[in-house]
Amino acid sequence: MPSSTDSFSSAGTKENRCPAAASGPFSIGTITLGNRLVLAPLAGYSNLAFRLICLQCGAGLAVSEMISSHGLAYGQKKTLNLLQTCADENVFVAQLFGAEPSIMAEAATVLNSHKVDIVDINMGCPVKKVTKRGAGAALMADITRASEIIDAVISATSKPVTVKLRVGVHNDQITVFDLAHQADKLGAAAITVHGRTWKQGFSGLADWDIIRRVKRSVSIPVIGNGDITSYHQAATALSEWGCDAVMIGRAAIGNPWVFSPSGTPPESAAITATALHHLDLISRFHGHLTHSPGLIKNQISRYFKGFAGASTWRRRINESSTINDLRTLLTNHAEHYKF
Ligand SMILES: Cc1cc2nc3c(=O)[nH]c(=O)nc-3n(C[C@H](O)[C@H](O)[C@H](O)COP(=O)(O)O)c2cc1C
């Protein structure tokens, strides 16, 4: 069982130690990154607009949301749209999910003709729609198939291939050591370990002691993931748990400053300006999302979560019926809703 001493829920006392640890360069295969903080793949959030925001706020790398290998192999337009990147995104990591080695290899071949720098394989998604087909976290229970997938993807591309793992299936079936060893042996450039089991989903605590032990057991870089909510916790994870980089997911939604040593700005104007910039990037790169304003409003309202008086502000955001209304609200009325 993960114990609280091996997790970050109780790591407040470790804050402010060694923040510089997060700033050193770090390499994945032939690609050198400016720092060791990585935005996690987040389905429904980590599109190009949000990745750019996080990179601008200090992330060294940002991973795409998961992309269906079937969708790519069959050339589905909606899936291909997820490969959108731009010059400001120096390194683009596309994350694939799927259960069939041959289809995963075909999808990796499709990526060869796109501007993709690193291919990541999803072995962590616990969502039923994904696991019932044997993909995502279900691969933590099938080391043979998972190894075939890693091998097939590496054989289909010359780009660095990384693998995102959980620690296992459940507490009595911790498979990450075997899978990490396989990834290392087959030529993966790095692995990410989310310190929860498949059965845990997002409940309980991430077990950072297992992440530390995995790091010691392989020769490739290990990116630790789970429950990091501040830059200083990330720095602690790097210095005390020994991983090579740290991935941050939920804590970055509405708070891209989690990647910066100075953290969330205290002034509402700075937060609103970033929300507006995010909205502009969504309009510029994801015009199709304007048909689903709910998705956009969800992303933008997250900037105002947890602040005194923010519920009124969030209600106003949710009442906007178009993106233009939302932009006008952010532009003209931010000053009235200081928090
Ligand atoms: C809304 C949401 C979407 C996610 N989408 C993905 C995904 O597409 N691929 C993936 O490997 N993990 C996905 N995850 C898992 C995260 O990448 C990360 O491993 C997990 O949230 C633990 O990190 P955190 O505690 O920093 O959030 C998702 C998590 C959330 C909350």
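Residues numbered from 1 in each chain as written. Predicted model: local features only at pLDDT ≥ 70, side-chain atom pairs only at ≥ 80, totals over all residues.

**Student:** Provide a residue-level description of the overall build of the protein chain, including the pertinent values.
**Tutor:** The number of helices and strands found in the protein chain is 13 helices and ten strands. Computed over C-alpha atoms, the radius of gyration of the protein chain comes to 20 Å, within 12% of the 20 Å expected from 2.2 N^0.38 for 339 residues, which places it in the range of a compact globule. Projecting the C-alpha coordinates of the protein chain onto the three principal axes gives extents of approximately 60 × 50 × 35 Å. Per-residue burial for the protein chain yields a buried fraction of 48% across its 339 residues. (Helix = DSSP H or I, 4+ residues; strand = E, 2+ residues; numbered from the N terminus. Rg over C-alpha atoms; globule rule 2.2 N^0.38 Å. Buried ≥ 20, exposed ≤ 12 C-beta atoms within 10 Å, placed from the backbone.)

**Student:** Can you lay out the nonpolar core for me, pointing to particular residues and giving the numbers?
**Tutor:** Within the largest apolar cluster, 106 residues are counted, with the highest numbers of intra-cluster contacts made by Val38, Val153, Ala234, Val246 and Ile248. When residues are assigned to domains, this core turns out to be shared by domain 1 (4–259) and domain 2 (268–337), each giving three or more. Setting aside anything within four residues of it in sequence, one finds Ile248 in contact with Leu37, Leu39, Ala40, Ile228, Ala234 and Val258. (Core = buried A, V, L, I, M, F, W, Y, C linked by C-beta atoms within 7 Å. Domains from an automatic or database assignment. Contact = placed C-beta atoms within 7 Å.)

**Student:** So, the domain arrangement of the protein chain: which residues are in play, and what are the values?
**Tutor:** Segmentation of the protein chain into domains returns domain 1 (4–259) and domain 2 (268–337). Just the C-alpha atoms count here: the centres of domain 1 and domain 2 sit 28 Å apart. On the side of domain 2, twelve residues touch domain 1, which itself brings eleven residues to the contact. Classifying every residue of the side of domain 1 that touches domain 2 gives seven nonpolar, four polar and no charged. (Nonpolar A, V, L, I, M, F, W, Y, C, P; charged D, E, K, R; others polar.)

**Student:** A description of the confidence of the model for the protein chain should follow, citing residues and the corresponding values.
**Tutor:** Chain-level pLDDT for the protein chain is 90 on average; 91% of the residues reach the 70-or-more range. Contacts for the low-pLDDT stretch residues 1–5, under 50 throughout, to residues beyond four places or in other chains number eleven contacts. (pLDDT = per-residue confidence, 0-100.)

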